[in-house]
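What follows is the residue order along each chain.
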There are 2 protein chains.
Amino acid sequence: MKIKKADDVEARAVETDGADGVTIRLLIHETDAAPNFYMRQFNIAPGGHTPRHVHAWEHEVYILCGSALVWSADGERPAAGGDCVFIPPNEEHQFTNAGDDELKMLCLVPKDSG
Amino acid sequence: MKIKKADDVEARAVETDGADGVTIRLLIHETDAAPNFYMRQFNIAPGGHTPRHVHAWEHEVYILCGSALVWSADGERPAAGGDCVFIPPNEEHQFTNAGDDELKMLCLVPKDSG
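Quick caveat: nothing in here was measured; it's all calculated off a predicted structure.

### Topic: the overall build of chain A
Secondary structure summary: chain A contains zero helices and ten strands in total. Secondary structure elements of chain A occur, N-terminal to C-terminal, as β-β-β-β-β-β-β-β-β-β. Relative to its length of 114 residues, chain A is compact, with a C-alpha radius of gyration of 13 Å against a globular reference of 13 Å. Overall size of chain A, expressed as C-alpha extent along the three principal axes, is 40 × 30 × 25 Å. Out of the 114 residues in chain A, the part that is buried amounts to 36%. Within chain A, contacts between residues at least 6 apart in sequence are counted, and of these 61% link residues at least 24 apart.

Quick look at the structure:
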């Protein structure tokens, strides 16, 4: 087994077009020989957001803390610490930090994503 | 998209042999049409534990709160809120609540598990 303190995992700035104030930590990933899916943690600064984009794979998200607005083709809905969010494949989406504190969330994707 | 408050998802007692004081919530699962992997939340009462068992699929775990002892062939190691745990396929393992408060953790598995 591997046990890691998430805060000790290196945080990298997300430089993708459309991202603002976002870092990513690869908690359980390729280097761990995870065979099917990957666990990442995103921290989003107040006012920051992920890109508004669409792709062929799903997101399974768990909000650890903070307040989000989640935009998709369904509309914009609030989500907060303790909520889980499922974005199915091919649905455009964007996460925005709508609060005054850092938004922290897990976002898991299948191995063959991006 | 789907957004759920994890605490609102039905908790079912885990009746598997060797489980004690454990409930499971299917946060993102088959009924959500999750195509590749499933997000479950386990709550373990103080002194409770999951079964000591082994299977052909991995666990990707994130400890939400509480104090765990994680046993595997590697030995027994502590894990607490904010830690992630990777149990690779075919490694025997067991999670025990070693604290005085409820242990809450996400445990994700591939779709074709169990």
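### Here we look at the nonpolar core
One finds Y62 of chain A together with Y62 and C84 of chain B to be the most contacted residues of the largest nonpolar core, which totals 50 residues. Sequence-distant contacts of Y62 of chain B, that is, excluding residues within four places in its chain, are made with M39 and L106 of chain A together with C84, M105 and L106 of chain B.

### Some remarks on the interface of chain A and chain B
At the interface, 37 residues of chain A touch 37 residues of chain B. Breaking the side of chain A that touches chain B down by element, the ones donating at least two residues are β1 (2–5), β3 (20–28), β4 (37–49), β5 (59–65), β6 (67–72), β7 (75–80), β8 (83–87) and β10 (103–110) of chain A. Among the elements that take part in the side of chain A that touches chain B, β8 of chain A stands out by supplying five residues, more than any other. Here the side of chain A that touches chain B is built from residues that sort into 22 nonpolar, four polar and eleven charged. Relative to strand β8 (residues 83–87) of chain B, β1 of chain A runs antiparallel, the two being bridged by four bridges. Considered in β8 of chain B, the bridge of K2 of chain A is made with F86 of chain B.

### A word on the pairing of strand β4 (residues 37–49) of chain B
Residues and elements named next belong to chain B. Bridging between strand β3 (residues 20–28) and β4 involves seven bridges; their strand directions are antiparallel. Within β4, the residue paired with D20 across the bridge is H49. Bridging between β4 and strand β10 (residues 103–110) involves eight bridges; their strand directions are antiparallel. Within β10, the position partnered with Y38 by the bridge is V109.

### Notes on the relation of the copies chain A and chain B
It takes a turn of 180° to lay chain A on chain B, together with a shift of 0.0 Å along the axis; the resulting RMSD is 0.0 Å. On the angle and the small slide along the axis, the relation comes out as a two-fold axis. When the interface residues of chain A are mapped onto chain B, 100% of them again lie at the interface, so the same face is used by both copies.

### Here's the deal with the environment of C84 of chain A
Mapped onto the fold, C84 of chain A is located in strand β8. Taking the C-alpha atoms as reference points, C84 of chain A and R25 of chain A, separated by 59 residues in sequence, lie 19 Å from one another.

### Quick notes on unusual backbone geometry
Residues and elements named next belong to chain A. Even without glycine at this site, A33 takes up a positive phi of about 65°. Mapped onto the elements, A33 comes out in the loop between β3 and β4. Its identity is not glycine, yet N90 carries a phi of approximately 65°, on the positive side. Tracing the sequence through the fold places N90 in the loop between β8 and β9 (93–97).

### Remarks on the pairing of β3 of chain B
Residues and elements named next belong to chain B. Where strand β2 (residues 12–13) meets β3, two bridges bridge the pair, whose relative direction is antiparallel. Considered in β3, the bridge of R12 is made with I24. Hairpin geometry of β2 and β3 is characterised by an intervening segment of six residues between the two adjacent antiparallel strands and by a positive phi of about 95° at G18.

### Re the environment of E10 of chain B
Residue and element names in this part refer to chain B. When you line up the elements, E10 lands in the loop between β1 (2–5) and β2. With 8 C-beta atoms counted inside 10 Å, the residue E10 sits in the exposed group. Along the chain, E10 and E92 lie 82 residues apart, while their C-alpha atoms are 28 Å from each other.

### Some thoughts on the confidence of the model for chain A
When pLDDT is averaged along chain A, the result is 97; 99% of the residues meet or exceed 70. Overall fold confidence for the complex sits at a pTM of 0.97, while the interface term, ipTM, reaches 0.97.

Each value, and the rule that gives it
Residues numbered from 1 in each chain as written. Chains lettered and ligands numbered in written order. Predicted model: local features only at pLDDT ≥ 70, side-chain atom pairs only at ≥ 80, totals over all residues. Helix = DSSP H or I, 4+ residues; strand = E, 2+ residues; numbered from the N terminus. Rg over C-alpha atoms; globule rule 2.2 N^0.38 Å. Buried ≥ 20, exposed ≤ 12 C-beta atoms within 10 Å, placed from the backbone. Contact = placed C-beta atoms within 7 Å. Core = buried A, V, L, I, M, F, W, Y, C linked by C-beta atoms within 7 Å. Nonpolar A, V, L, I, M, F, W, Y, C, P; charged D, E, K, R; others polar. Pairing = 2+ DSSP bridges. Least-squares fit on C-alpha atoms with pLDDT ≥ 70 in both. pLDDT = per-residue confidence, 0-100.

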